[in-house]
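# Working through the structure, step by step
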Amino acid sequence: MLKASKPLKRHEAFKDPTLLRLEQDKLIQHTDGGPKTSARWQADVMRATGELMQNPEYSQPNSQDLRIAYAKALFSIYGDTVTDLELTEMLLALWRIEMDSLTLGDRPSDQTLHTL
């Protein structure tokens, strides 16, 4: 997991093993603006969300949490081939990249990469 202790240049972020794995598995891509989630990842999350919405307990507005869909999508991709820690690091990295793209547009800031 990227450490928050030192700032990273955009190209250095992809030396992180979690981000490298996500890139190799085509869940994120490196752009001039830094990491960005791929269409494949976004489709996996939408599929997981659709499956979760079939559950009456999850479909209630006060019980919806996109992080659950992220975890479900990651587990459907990796299953038991990764540890819980690796799965958690992937989830946090993807969540941060996606949230920053919503708040900053398509270009994560250097601060984003600093805190991944």
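Since the structure is predicted, the reported quantities are computational estimates derived from the model, not experimental observations. Note that residues are indexed from 1 along each chain, following the sequence as it is written. Given that the model is predicted, a residue must reach a pLDDT of at least 70 before its local features are reported, and side-chain atom pairs must reach 80 or more before they are shown or counted; all residues, however, enter totals for whole chains, interfaces and linings. The side-chain figures draw on all heavy atoms in the structure; neither hydrogens nor water molecules are used.

### What to know about the overall build of the protein
Going by this rule: Note on conventions: DSSP H or I runs of at least 4 residues are helices, E runs of at least 2 residues are strands, and numbering of each starts at the N terminus. Note on exposure labels: buried denotes an accessible area under 20% of the residue type's maximum, exposed denotes more than 50%, and partly exposed covers the range between, all computed with a 1.4 Å probe on protein chains only. Throughout, a contact is declared for two residues whenever any of their heavy atoms are within 4.5 Å. Throughout, the Shrake-Rupley method with a 1.4 Å probe supplies accessible areas, and for residues the shown protein chains are the sole cover considered.
What the protein contains, in helices and strands, is 6 helices and 2 strands. When the helices and strands of the protein are listed from N to C terminus, the series reads α-α-β-β-α-α-α-α. The burial tally for the protein puts 38% of its 116 residues in the buried class. At a minimum sequence separation of 6, the contacts of the protein that also span at least 24 residues come to 52%. Roughly 7,000 Å² of accessible area belongs to the protein as shown, and the carbon and sulfur atoms make up 54% of that amount.

### So, the packing of aromatic side chains
Spelled out, the test is: Pairing of aromatic rings covers Phe, Tyr and Trp, the last through its six-membered ring, and needs centres within 6.5 Å; plane angles under 30 degrees mean stacked, over 60 mean edge-to-face, and all others mean tilted.
If you walk through the whole model with that rule in mind, you get 2 aromatic pairs. Where Trp41 meets Tyr70, the ring centres are 5.2 Å apart and the plane angle is 80°; that geometry is what we call edge-to-face. A residue pair is termed long-range when its members are at least 10 positions apart, and Trp41 in helix α3 (residues 39-53) and Tyr70 in helix α4 (residues 66-78) qualify at 29 residues. Considered together, Trp41 and Tyr70 belong to a single accessibility category, that of buried residues. Taking 5.2 Å as the distance between ring centres and 80° as the angle between the ring planes, the aromatic pair formed by Tyr70 and Trp95 counts as edge-to-face. Here Trp95 lies in helix α5 (residues 84-104) and Tyr70 lies in helix α4, a separation of 25 residues in the sequence. Residue Tyr70 is classed as buried on the basis of its relative accessible area of 2%. On the basis of relative accessibility, which here comes to 23%, the residue Trp95 falls in the partly exposed class. Cluster of aromatic residues (ring-pair linked, three or more members): Trp41, Tyr70 and Trp95.

### A closer look at the confidence of the model for the protein
A low pLDDT means the predicted coordinates there should not be read in detail. As a reminder of what qualifies: One confidence number per residue, pLDDT, is output by the predictor and ranges from 0 to 100.
Residue-level pLDDT values for the protein average 80, and 77% of them are 70 or greater. Under a pLDDT of 50 for its full length, residues 1-9 has, in the predicted model, 22 contacts with residues more than four places off or in other chains.

### Some points on the nonpolar core
In plain terms, the rule: What we call a nonpolar core is a set of buried Ala, Val, Leu, Ile, Met, Phe, Trp, Tyr and Cys residues that are connected through their side-chain atoms within 4.5 Å.
In this structure, Leu22, Trp41, Leu74, Tyr78 and Leu94 are the most contacted members of the largest nonpolar core, which totals 21 residues. Of all the secondary-structure elements, those providing two or more residues to this core are α2 (17-24), α3, α4 and α5. Per-element accounting of this core gives the leading share, 6 residues, to α5. Sequence-distant contacts of Leu74, that is, excluding residues within four places in its chain, are made with Leu27, Trp41, Gly79, Leu87, Met90, Leu91 and Leu94.

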